[in-house]
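# Per-entry structural report
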Amino acid sequence: MSDAPKPKPRRQKPEAFNWRSVRRLYQVFFFLLFVLLLGLASFRYLKSFPVSLYLEADPLLALTSLLASKVLFAGMALSLIVVGITLVFGRVFCSWICPLGILNHVTSALPSVLKRRARMLGNEWRPIYRTKYYILIGILVLAAFGVLQVGLLDPIALTVRTFAVTIFPGLQLAGVPLYAVQPAYLGGWLIALIFILIIASNRFIMRLWCRMLCPLGALLGLIAKFSLFRIQKDHSKCIACHKCTEACHGACDPHDKIRVSDCVMCLNCVYSCSVSGIKYGFLPPVDNEAPAPDLARRKTLAAVAGGLALVPALRTSTGVAKGANHDVIRPPGALAEEDFAAKCVKCGACIKVCPTGVIQPAGLEAGFEGLWTPILRYDIGSCTHTCTLCSQVCPTGAIRPLTPQDRVGKPPDQEPVKLGTAFFDRGRCLPWAMATPCIVCEEVCPTSPKAIWVEPAEVKKSDGTKVAVKLPHLDASRCIGCGICQNRCPVGAKAAIRVSSVGESRSPDNQILIKSY
Amino acid sequence: MSESKQPAPDPRDPDRRRVVARLSAAAMVAGAAGLGGWVFYDGERPVRSRRRADRFVPDHRVKVTPTVPAMVIARGSDPARNTRAAIERMGGMKLFIDKGDDVLIKPNVGWDRMPTQAANTNPAVVAELVKLCLEAGASRVVVTDHPVNDPDRCFARSGILEAVQQVGGKVAVPGTSGFFMVTIPGKLGRWPVFEPFITAKKVINVPIVKHHSLTRATLGMKNWYGILGGRRNQLHQRIDDSVAELAALMRPTLTVMDATRILMRNGPTGGSLADVKAGDAVAASLDPVAVDAWGVTLLDADPTRLGWLRLGEQKRLGVIDFRSLNPIELKTT
Amino acid sequence: MSIILRVAALLPIPVILGLVIWAGNRPLPPPPVLEQGDHHGASSASKAFKLPDKLGEGWAVQGKVEQYDKKTLFDRIDGAAPAYIRAGFEYSLGAELRKPGMKESVVADIYAMGSAPRALGMYATERDLSYTFIEVGEAGYVASGSLNFWQGPFYVKLAGFEEGEAMDRALKEVAAALAKALPRAKDRGALAPLGWLAEEGRVAHSEGYSYPPLGDVDGLDQVFFASYRASAEGEPFKLFVVRLKDAAEAEQRLGRARAYFEKDGAKVSESKEGEARILEVAGEETRTVLLLKGAVLAGAIDLTDPAMVPVARARLLPTVDRASAGPTKKAAAGGENVGVPGWTQAARGKKAER
């Protein structure tokens, strides 16, 4: 037994091109790809690009939409690839692929004003980081009952929505020509605020969103429990210098028994360890890891109960099942409202791609469940007659895929897609109420034969003279509810012809004219 | 450089069994995810269809010998006695109801009114029919209608709920479920129909004679509106076709027309006793068009001018000239 | 060594980029068809079929291939033209075909009838069950120095210059060569009703499609039929079946047929069997049975012996069941729950035209 002090192991200088470099390259690639794909979602550039690729590859969106609608729709099968990657490599998605994760990582990696010890303490694991699992459980319980609210907190849906509603329009304001016309979206300020808060929180606690709130991270963490490759530490070399903890993004205690489910594969620990005692390898010994994720039983039950209680609370409110707001007009191809609520993940891809900007994120018009789901606001735009872009980009099929032929129909066998019916407000209409010729509505009506027909008449002006006008009428059997009449009506404040959802193809009950079920 | 030590068993060497255990755990998760994806995958439809199978309504008529009168009109002050007399003069309920039959009686219970207001079928007539069916050996007699006003109030204030339950019949009050899609031959297409009308073996139509602003009269053929759910408020856009097509769909075993009180004006809801006239008659008939035509004459109108009656005759549901059937008239008091 | 591993780990990047670029260049859905085309479905053969100059086995086209449309068909076949036009005629090709060593040509007339059922219908009109049937195209026969057959939407008539075995052989060669050159039916699914008809007792080669009403009965037009015998010496009768757009249309057709019989004074009795409505018509000379179930209309005509009525009924009930057995997969894929026709994800990008 020697009393000589242990020689201080020297940290091996990491090579220039190490795995962190690989990670950084992937981060740049995947973030740019995300922005590029979303930017391609427009009439000019869409072609057949898979602009909803990230949404389709998101396992949380796939799982919850499957639970809610009992269908794994088309492209969502790509999420199995991400599941496979996680099963082999761990939560690489969180740091290498997820756009929100990458932004959080970059913001967290900026130089900190805190001292070493404060940084280290900030990165220790806290029990409150279990919250993301409870959120995940709540979301899954709701989805099992057909209530899909995952879009509120799923990072991909959130980021796509934020880019579509605030960031891209903001760039257009700053001069980047992304759109032909500057778009504006209802309630965009709230969506921007939430995003700013998430990014800013990284300056207080590194990757706070990823550690504490992200339900996708929670799901991938549960899968990563079985991953084949993971971080492993050689305890015999450790000198408890905590350099790993200072650099750790996931707060997964690399200095101790690592919490595999929380490790976001930033690989910082590997390259900051003073004794090069941490590495990433195949199936380390079991005692290397803390059992994960170690949920408190009472809190888990509370999460389940909370989810269960929310289902009747939401479904006995008007909006989805009954008493639907007839001003809520959904995009062409949208499913009937109950099915729509089980499929829409509020991602905003349809909002981004819409060429006229008529698709807007809803507030509470469609009930709380409808928050940020797409509705059409004809005071802002109108729905182009043969356009099917929104149906092409919807990842879950909440707006089911349409061909232009499906939209226009093929009389007499195949009806066109109807979004609603227009109604004249004769007290405001220029020819009807103000003895002024107009008929812009009839002019722009795209159906042939037109749904708006005019009847010549002579009306008296205020000075007693007669003026020839054409009085417009609506044929409800031809109207497709596209809203261009409402959008172009010169009567401001409230158009003299307005569209209501009644008569929409997607609903068997919301009809005026008699027709077979 | 660490000094050489006696190498301890390296805890990082995964031992075979642990590797297999971990690999199989990962494989099972992968398999479960893949299996779930494969079972639930659908490249075309975003939601599974919840459509239930369409149903069909059978013909409820029974074959009778030519000696059975096609129409009997019983007059008197007691509606129950009138009903019994009319049925017995036809040959008795045993001609129509076999032992063990599941019988459905369809009165007009559409409105939240009391019997004196003559908006719904007289409860005494309905109850007497229930008794007659049970006497003929029916295993079960169900009385039902899908009202326009609130169902509970309609069945209660019309007096039919109590009257039927007192004689051993059952009342089925429809809610939101229990409707199945039936294809109605003709222009109407598919509509939701209340299930008892689909499953009953024998159906007896028991309308009341009332004025109606659109069809001039609402009698037996229009009584069948009460089998439907869904957007009934749109049927008026095709009123004659819908009445005739529904009558062609539902071929009742028997039609018993309640003319005890007649609503002469402001139908089909009525309300004021001044609109009600005493008719003191009950008619039983095998011919739904003829008995409706007779009812129209009680309202001082001409049945040959009504489109829905003419359509019914065209569809060979019966004849408008009820006198050609030689209806038998009898007095009970 | 590990450098190679790390560089290799970057390989997914160009692969993913390549996949994204490939995906972006997949074909787009076609623009909508806006003209009100032929209501029966404009066949994709509305562009005239181009007959190749050389047909194989030495047969070649002599001179020019003439093309005829509805207006000019009269110039080629005189008074036979109206029948073809009523049956859906779109255009026809006329050509002379000759083989080296032959002095005379075989005259070929290829009629494009618009769809496979219509071609079958025209073929069945001119066919007699006593002809010699051969295997060419979908069905064909030789008789008196000519050969007729049909394939896809085409009805082909070949006229030889003499009669005899040698001519028959030559005609069969030409027919085989033409059958190879002509496209096969794209709408074979439209011929499915032939499979619904009973097989027992069917007279060989008797399948047809009636575009003028079967037996002149109003309402029985455009139905698939075949001839049957109850016994070897029995008189032949016909069984027919058609699935219409919906129950309403089927009801309407049945109504018209019924009205037709009743106008003649025939007795019509109605009954039900399960969900099928059955009408039995007792006319002066023959009896007719009509069945309606949902959107399917079927029946038997030319029943001379009353004893054949139950036989016909028994043969028709399974036909109607087969016909009602659910909508086609394409119909089921779209519009069931939604009211908006479906469009397969697979079709997007894979097919340039539907």
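Residues numbered from 1 in each chain as written. Chains lettered and ligands numbered in written order. Predicted model: local features only at pLDDT ≥ 70, side-chain atom pairs only at ≥ 80, totals over all residues.

### Considerations on unusual backbone geometry
- Along the chain, Ser448(A) connects to Pro449(A) via a cis peptide bond; the corresponding omega equals 5°.
- Following the sequence through the fold, Pro449(A) ends up in the loop between helix H21 (440-444) and strand E7 (452-460).
- In this model, Gly267(B) is joined to Pro268(B) through a cis peptide bond whose omega is 0°.
- Along the chain, Pro268(B) falls in the loop between strand E11 (254-263) and strand E12 (276-278).
- Backbone geometry at Lys70(A) places phi at a positive 65°, although glycine is not the residue there.
- Looking at the secondary structure, you find Lys70(A) in the loop between helix H3 (59-69) and strand E1 (72-73).
- Look at Arg216(B): it is not a glycine, yet its phi comes out positive at around 75°.
- The residue Arg216(B) is located in strand E10 (residues 216-218) in this model. (Helix = DSSP H or I, 4+ residues; strand = E, 2+ residues; numbered from the N terminus.)

### A few points about the interface of chain C and chain A
- Taken together, the 24 residues of chain C in the interface contact 27 residues of chain A.
- Of all the secondary-structure elements, those providing two or more residues to the side of chain C that touches chain A are helix H1 (2-9) and helix H2 (12-24) of chain C.
- Residue contributions to the side of chain C that touches chain A peak at 4 residues, all from H2(C).
- In the side of chain C that touches chain A, the residues fall into 15 nonpolar, 6 polar and 3 charged. (Contact = placed C-beta atoms within 7 Å. Nonpolar A, V, L, I, M, F, W, Y, C, P; charged D, E, K, R; others polar.)

### Regarding the packing of helix H9 (residues 155-173) of chain A against helix H10 (residues 188-201) of chain A
Residues and elements named next belong to chain A.
- Where H9 contacts H10, the two axes come as close as 9 Å, and the packing angle between them is 125°. Overall, the two elements H9 and H10 adopt an arrangement that is oblique. The handedness of the crossing between H9 and H10 is left-handed. Residues Arg161, Thr162, Val165 and Thr166 of H9 lie in contact with H10, whose contacting residues are Gly188, Ile191, Ala192 and Phe195. (Axes fitted to C-alpha atoms, helices over the stretch in contact; angles between N-to-C directions. Parallel < 35°, antiparallel > 145°, perpendicular 65-115°, else oblique. Left-handed = near helix turned anticlockwise from the far one by under 90°.)

### So, the sheet that holds strand E8 (residues 154-159) of chain C
Residues and elements named next belong to chain C.
- Spatially, the 8 strands line up as an open sheet ordered E1-E2-E3-E4-E8-E7-E6-E5, and their pairing is antiparallel. Each having just a single partner strand, strand E1 (54-56) and strand E5 (132-134) make up the two edges of the open sheet. With strand direction ignored, the average angle separating the axes of adjacent strands in the sheet is 25°.
- With 5 bridges joining them, strand E6 (residues 139-143) and strand E7 (residues 146-151) adopt antiparallel strand pairing. By the bridge assignment, Gly140 is partnered in E7 with Phe149.
- Its contacts with the sheet place helix H5 (residues 116-126) against strand E4 (106-112), E6, E7 and E8, and it is angled at close to 155° to E7. (Pairing = 2+ DSSP bridges.)

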